[in-house]
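Residue-level listing of the chains:
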Amino acid sequence: MTLCPHFGVCGGCAYQDIADADYRTLKRNLVAGALARHGVETTIAEIIEVPPGTRRRATLKAKNTAAGVALGFHAARTHSIVDLARCLVLRPSLVALLPGLRVMLASLLPAGGDAELRLTETEAGIDLGLRWRVPNDAAAIAALAGWAEKLDLVRISAHGESVVSRGVPSVRLGKALVELPAETFLQSTREGEAVLQTFVRETLSDARHVADLFAGCGTFTFPLAETARVHAVEIEAAMLAAIAAAAKKTPGLRPVTTEKRNLFKRPPGPAELNAFDAVCLDPPRAGAIEQAGALAKSTVGRAAYVSCDAATFARDAQVMIAGGWRLIRVVPVDQFLWSSHIELMGSFER
């Protein structure tokens, strides 16, 4: 393949220069090695890769320097910013926005000022979240409103607060169109998200009452709710409100309930879990070892575990297996091309 012009400097990609077969072996070994270190034996399926140019969200760094605004990812092993001209990973719409964002930042950032930009491509358009030292005062909001028009941004939020709205950023999850709170976490690609959703639905196809733990904005809640009652648990109130609102206006779903809860500090115990016949888990990289321990002591019969970290998945799987679960198979999903990051899906049964 043609290498990105930033490869070798940008910290985003590390393996564009190796053969495809060697790259897939490397990624598979990340999963196999993590499982082996925890004594977990199971079938590892072939890696499912998303196509290049499909990543719909990105967190970029910016700095207003004497040479102009640098906007891009950090260079490998440094805090220097690689000023992106091209990216083989991001959606073309995000790459096309970069020149306009540089002009915007040059007009709004003081000399030497920096910012973090969180870009997400949604059904309605591109959503921009800003983290910077510029206050949300009337002058800044007026300027951002003008730039939203110029750059055709559907929304701009700053410091986590929506300050300019020209529409409603939303995504399709199953049958539901979910309106997104500011800076909502989404799976990095639509293509990868569809793979994960299919796996979870197939793994829990015979379930009638599912606990969706770490539910986010409903990535798995809504596909599961087409055939089962779903209880979505998440710590972020705004995401739960988005789930509840979408469930209310989407016909053809089974009942969806929500619960605000810190699953790290207060995971549902065996008695609570026993009310469900299946569980979906999608924790952050820290995993869910306390929840795995509770599942080990419960009577739940089936679980789908979606993980963004092979090491914590293997650790949690070992706890569940020690409690009587069987890990039927693991399917790696490569949503972060040419990096050392790999996601995976695990199917558990009693």
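Residues numbered from 1 in each chain as written. Predicted model: local features only at pLDDT ≥ 70, side-chain atom pairs only at ≥ 80, totals over all residues. Heavy atoms only, no water.

1. Details of empty space enclosed by the protein
Vacant regions in the atomic arrangement are exposed by a probe of water-molecule size rolled over the atoms. Cut-off, in case you're wondering: Whether a set of points on the 1 Å grid over the protein atoms alone is a cavity depends on a 1.4 Å probe fitting there but being unable to get out, while an open set qualifies as a pocket with protein on both sides within 12 Å along at least five of seven lines; lining residues are those with an atom within 4 Å of a point. Grid points are joined across faces, edges and corners, and a volume is the space filled by probe spheres set on the points. Strands are runs of DSSP state E lasting at least 2 residues, helices are runs of H or I lasting at least 4, and numbering of each runs from the N terminus. Basically, the charged four are Asp, Glu, Lys and Arg, the nonpolar ten are Ala, Val, Leu, Ile, Met, Phe, Trp, Tyr, Cys and Pro, and anything else, Gly included, counts as polar.
One pass over the structure, following the stated rule, counts one cavity of 30 Å³ or more. Estimates place the volume of the largest cavity at around 50 Å³. Forming the boundary of the largest cavity are Arg 118, Thr 120, Asp 127, Leu 128, Gly 129, Leu 180, Pro 181, Glu 183 and Thr 184. Those elements that place two or more of their residues in the lining of the largest cavity are strand S5 (114–121) and strand S6 (126–132). Residues belonging to the lining of the largest cavity are distributed by class as follows: three nonpolar, three polar and three charged.

2. Examining the pattern of salt bridges
To keep things clear, this is the line we draw: We define a salt bridge as a side-chain nitrogen of Lys or Arg found within 4 Å of a carboxyl oxygen belonging to Asp or Glu. Type-normalised accessible area, obtained with a 1.4 Å probe on protein chains alone, sets the label of each residue: buried when under 20%, exposed when over 50%, and partly exposed for intermediate values.
Under the counting rule described, the total for this entry stands at 22 salt bridges. Across the salt bridge formed by Asp 334 and Lys 27, the nearest N and O atoms sit 2.7 Å from each other. Placement of the pair is Asp 334 in strand S16 (residues 326–334) and Lys 27 in helix H1 (residues 20–37), with a sequence separation of 307 residues. For Lys 27, a relative accessible area of 0% corresponds to the buried category. Between Glu 179 and Lys 249 there is a salt bridge, with its nearest N and O atoms 3.3 Å apart. Separated by 70 residues along the polypeptide, Glu 179 in strand S10 (residues 176–179) and Lys 249 in helix H6 (residues 237–249) bring together distant segments of the chain. According to the relative accessible area criterion, Glu 179 is partly exposed, its value standing at 42%. Counted as one network, the salt bridges with shared partners bring together Lys 61, Glu 116, Arg 118, Arg 131 and Glu 183.

3. So, the packing of helix H8 (residues 289–296) against helix H9 (residues 310–322)
The line we're drawing: Working convention: axes come from line fits to C-alpha atoms, limited for helices to the stretch in contact. Angles between N-to-C directions cover 0 to 180 degrees. An angle below 35 degrees is treated as roughly parallel, one above 145 as roughly antiparallel, one from 65 to 115 as roughly perpendicular, and anything else as oblique. Two helices crossing with the near one rotated counterclockwise from the far one by less than a right angle form a left-handed crossing, whereas a clockwise rotation gives a right-handed crossing. Note on contacts: a residue pair qualifies if any of its non-hydrogen atoms lie within 4.5 Å across the two residues.
Interhelical geometry of H8 versus H9 gives an angle of 20° and a closest axis separation of 8 Å. By the angle between their directions, the pair H8 and H9 is classed as roughly parallel. When the axes of H8 and H9 are compared, the crossing they make is right-handed. For the pair formed by H8 and H9, the contact residues are Ile 289, Ala 292, Gly 293, Leu 295 and Ala 296 on the first element and Arg 315, Asp 316, Val 319 and Met 320 on the second. Taken together, the residues of the contact of H8 with H9 break down into six nonpolar, one polar and two charged.

4. A closer look at unusual backbone geometry
One non-glycine residue, Glu 183, lies in the positive phi region at around 55°. Position of Glu 183 among the secondary structure elements: in the loop between S10 and helix H4 (190–203). The exposure class assigned to Glu 183 is partly exposed, which follows from its relative accessible area of 22%. In this structure, Trp 338 is a non-glycine residue whose phi angle is positive, near 65°. On the secondary structure map, Trp 338 appears in the loop between S16 and strand S17 (343–349).

5. Examining the side chain of Gln 197
Here Gln 197 lies in helix H4. The class for Gln 197 is buried, based on a relative accessible area of 12%.

6. Notes on the nonpolar core
Heads up, the condition is: Note on terminology: a nonpolar core comprises buried Ala, Val, Leu, Ile, Met, Phe, Trp, Tyr and Cys residues joined through side-chain atoms within 4.5 Å.
Counting 46 residues, the largest nonpolar core has Leu 101, Leu 105, Leu 117, Leu 128, Trp 132 and Ile 156 as its most contacted members. The element that contributes the greatest number of residues to this core is helix H2 (residues 92–108), accounting for seven residues. Aside from chain neighbours lying at most four places away, what touches Leu 105 is Ala 62, Asn 64, Val 69, Leu 71, Leu 117 and Trp 132. Formed by 34 residues, the second largest nonpolar core is a distinct cluster that contains Ala 225, Ala 246, Ala 304 and Val 331.

7. With respect to H4
Each α-helix turn comprises 3.6 residues. Residues three or four places apart therefore point the same way. Under the convention used in this document: To estimate how far a helix should extend, the number of its residues minus one is multiplied by 1.5 Å.
Counted at 1.5 Å a residue, the expected span for H4 with its 14 residues is 20 Å, and the 20 Å between its end C-alpha atoms agrees. Tucked into the core, H4 has its buried residues touching strand S9 (170–173), helix H5 (221–224), strand S14 (278–281), strand S15 (302–307), S16 and S17.

8. Quick word on the sheet that holds S5
To keep things clear, this is the line we draw: Pairs of strands are assigned from DSSP output, requiring at least two bridges between the strands.
Reading across from one edge, S4-S3-S5-S6-S7-S8 is the order of the six strands in this open sheet, with mixed pairing throughout. Edge positions in the open sheet fall to strand S4 (68–72) and strand S8 (161–165), since each of these has one partner strand only. Taking each pair of neighbouring strands and ignoring which way they run, the sheet shows an average axis angle of 25°. Where helix H3 (residues 138–151) meets the sheet, its contacts fall on S6, strand S7 (153–158) and S8, and the angle it forms with S8 comes to roughly 55°.

9. A short note on the packing of aromatic side chains
For clarity, the threshold we go by: Aromatic pairing here means that ring centres of Phe, Tyr or Trp (its six-membered ring) are within 6.5 Å. Orientation follows from the plane angle: under 30 degrees is stacked, over 60 is edge-to-face, and everything else is tilted.
The full count for this structure, using the stated rule, is four aromatic pairs. Summarising the aromatic geometry, the rings of Tyr 305 and Phe 313 are spaced 5.0 Å apart at their centres and angled 85° between planes, so their arrangement reads as edge-to-face. Among the residues examined, Tyr 305 registers a relative accessible area of 1% and is labelled buried. Seen in terms of ring centroids, Trp 325 and Phe 348 are 6.5 Å apart; in terms of plane orientation they differ by 85°. Their pairing is edge-to-face. Note that Trp 325 is positioned in the loop between H9 and S16 and Phe 348 in strand S17, a separation of 23 residues in sequence. The burial state of Trp 325 is the same as that of Phe 348; both residues are buried. Taken together, the ring pairs in this structure connect Tyr 305, Phe 313, Trp 325 and Phe 348 into an aromatic cluster.

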